Amino acid sequence: MNSGHQHRVFGRRAQEHILILASGDKVRHMTVRPWMAALAFCFVGVFSIGYLLATSYLVLRDDLIGATMARQARMQHDYEDRIAALRAQVDRITSRQLLDQQVVEDKVDKLMEQQMALTSRHGKLDNLLDRAESSGLTEKDGAPTPSSPVQSYAPDVKDKRASLSGSGIEAIEKQLASGAPADVTPDNSTLAYVPATDTVGDRADRIFSEVTLSLKDVEQDQRSRVEQLTSDAGNAANAIETVLTRFKIPMPETAARKDDDDAVGGPYVEPESNDGFNNSLAALDGALTRLEAVRSTAESLPFRNPALGKDVTSPFGNRRDPFLGRLALHSGIDFRFSPGERIRPTAPGKVISAGWTGGYGNMVEIDHGNGISTRYGHMSEVLVKVGDTVDRDDVIGLAGSTGRSTGTHLHYEVRQDGHAVDPVYFMNAGLKLATYIK
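What you are looking at is a predicted structure, and each value in this text was computed from that prediction instead of being measured. (Residues numbered from 1 in each chain as written. Predicted model: local features only at pLDDT ≥ 70, side-chain atom pairs only at ≥ 80, totals over all residues. Heavy atoms only, no water.)

### Overview of the pattern of salt bridges
Part 1: Under the criterion given, the structure shown has nine salt bridges.
Part 2: Residues Arg290 and Glu241 are paired through a salt bridge, measuring 3.0 Å at the closest nitrogen-oxygen approach. Residue Arg290 is located in helix α8 (residues 276-299), and its partner Glu241 is located in helix α6 (residues 200-246); the two are separated by 49 residues in the primary sequence.
Part 3: Arg290 gets classed as buried once you look at its relative accessible area, which sits at 19%.
Part 4: Using a relative accessible area of 13% as the deciding quantity, one classes Glu241 as buried.
Part 5: Among the salt bridges present, the one from Glu365 reaches Arg375, with a minimum N-O distance of 3.3 Å. With Glu365 in strand β9 (residues 362-367) and Arg375 in strand β10 (residues 372-382), the pair connects residues that are 10 residues apart, well separated along the chain.
Part 6: Classification of Glu365 as buried rests on a relative accessible area of 11%.
Part 7: Salt bridges linked by common partners bring Glu365, Arg375, Glu413 and Arg415 together as one network. (Salt bridge = Lys/Arg side-chain N within 4 Å of Asp/Glu carboxyl O. Helix = DSSP H or I, 4+ residues; strand = E, 2+ residues; numbered from the N terminus. Buried < 20%, exposed > 50% of the residue type's maximum accessible area, 1.4 Å probe, protein only.)

This is the structure:
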């Protein structure tokens with residue numbers, strides 16, 4: 001009986017809860033104790049009570065929520081203000097960039113106008129420099145000729161234009177592209193607009209000012225050199241005119257001016273603006289035209305020696321005639337020549353006599369215009385005929401001893417208006433004109 005009672009009271013034991021964890025071939029188990037369950041229940045209860053208390057506190061305290069919302073609203077307004085300030089900053093920078101771009105475009109337009117003007121002047125100067133070179137005032141490279149009596153020099157137009165026809169624009173673009181940009185974004189720590197210390201417009205103003213000053217210096221240098229070249233051309237023309245006047249040669253420009261006055265006309269057009277540089281070019285053109293006219297006249301006259309390096313056997317003037325033995329006028333100069341040696345004229349002209357001419361023997365006479373002619377006598381053979389046009393390099397005959405001659409020589413004679421004059425006068429004048437005529 002006792003055993004049966006004990007079985008009913010103490011024999012039944014509560015079953016333990018076991019958690020079994022299986023992972024592959026491994027199996028683990030953990031016995032859940034009652035105190036563990038009690039501890040977990042207590043933790044959940046405490047967390048729930050704390051949450052309910054915190055929620056109740058926040059619900060009951062509306063001022064905390066309002067403060068939080070107000071703080072969020074202030075932060076939102078601050079960000080909106082900052083965005084508005086940055087937007088205004090961007091607008092100001094964009095406006096300044098547009099203004100700077102317009103300024104640069106205006107400056108470039110002005111620079112291109114100046115460059116086009118220089119290019120136009122260069123075209124005019126090329127023609128004038130070619131004429132000055134052909135007149136003996138400058139060499140091909142624009143430098144003064146060493147033999148020129150006046151220290152003239154031509155403007156270095158080619159180099160100047162090379163530096164302006166594109167290099168100026170490229171230099172401007174490089175300088176504008178260099179340096180820090182003007183539209184630097186401001187730091188987020190400040191909202192105030194701080195202008196850049198050096199903008200594109202400022203750099204453009206400095207660059208274009210330097211280029212403009214450089215162009216003015218180039219123009220001034222060109223003008224001064226053109227004026228110098230004009231003065232040199234005038235001096236050369238005066239020197240040639242002095243020699244021509246001494247021989248009573250009419251100046252070609254007098255007839256030219258009269259012809260121009262008799263054949264002019266055209267509709268009336270208002271004059272162009274007064275441009276000093278164009279006026280200087282016109283003055284140079286007039287000086288070169290005058291120089292070319294007198295130079296052409298001088299080159300057509302017999303100012304050269306017909307026998308360079310040859311001995312003079314008989315000068316011009318009265319002498320004892322070699323055949324009659326009495327005093328007679330020698331109307332020319334005799335130069336010693338070798339038999340068959342080539343004879344060339346002292347200036348271009350037209351052959352008006354060729355063949356046997358009395359005491360001259362075989363003689364050639366050439367008309368050089370302005371009433372001046374030259375004679376070449378005692379030749380062994382005449383190589384031209386009447387009507388031929390000859391130049392200084394043409395051979396008109398071979399030296400000999402025909403006519404009234406005692407030996408092989410050249411009788412050279414200069415006649416002006418039909419009268420014989422001393423060829424030495426012309427040859428001496430030719431020495432003075434050596435630097436002006438070819």
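### Quick look at unusual backbone geometry
Part 1: The backbone of Asn370 sits at a positive phi, close to 55°, despite the residue not being glycine.
Part 2: Residue classification places Asn370 among the partly exposed residues on the basis of a relative accessible area of 36%.
Part 3: Even without a glycine there, the phi angle at Asp417 is positive, about 55°.
Part 4: According to the relative accessible area criterion, Asp417 is exposed, its value standing at 58%.

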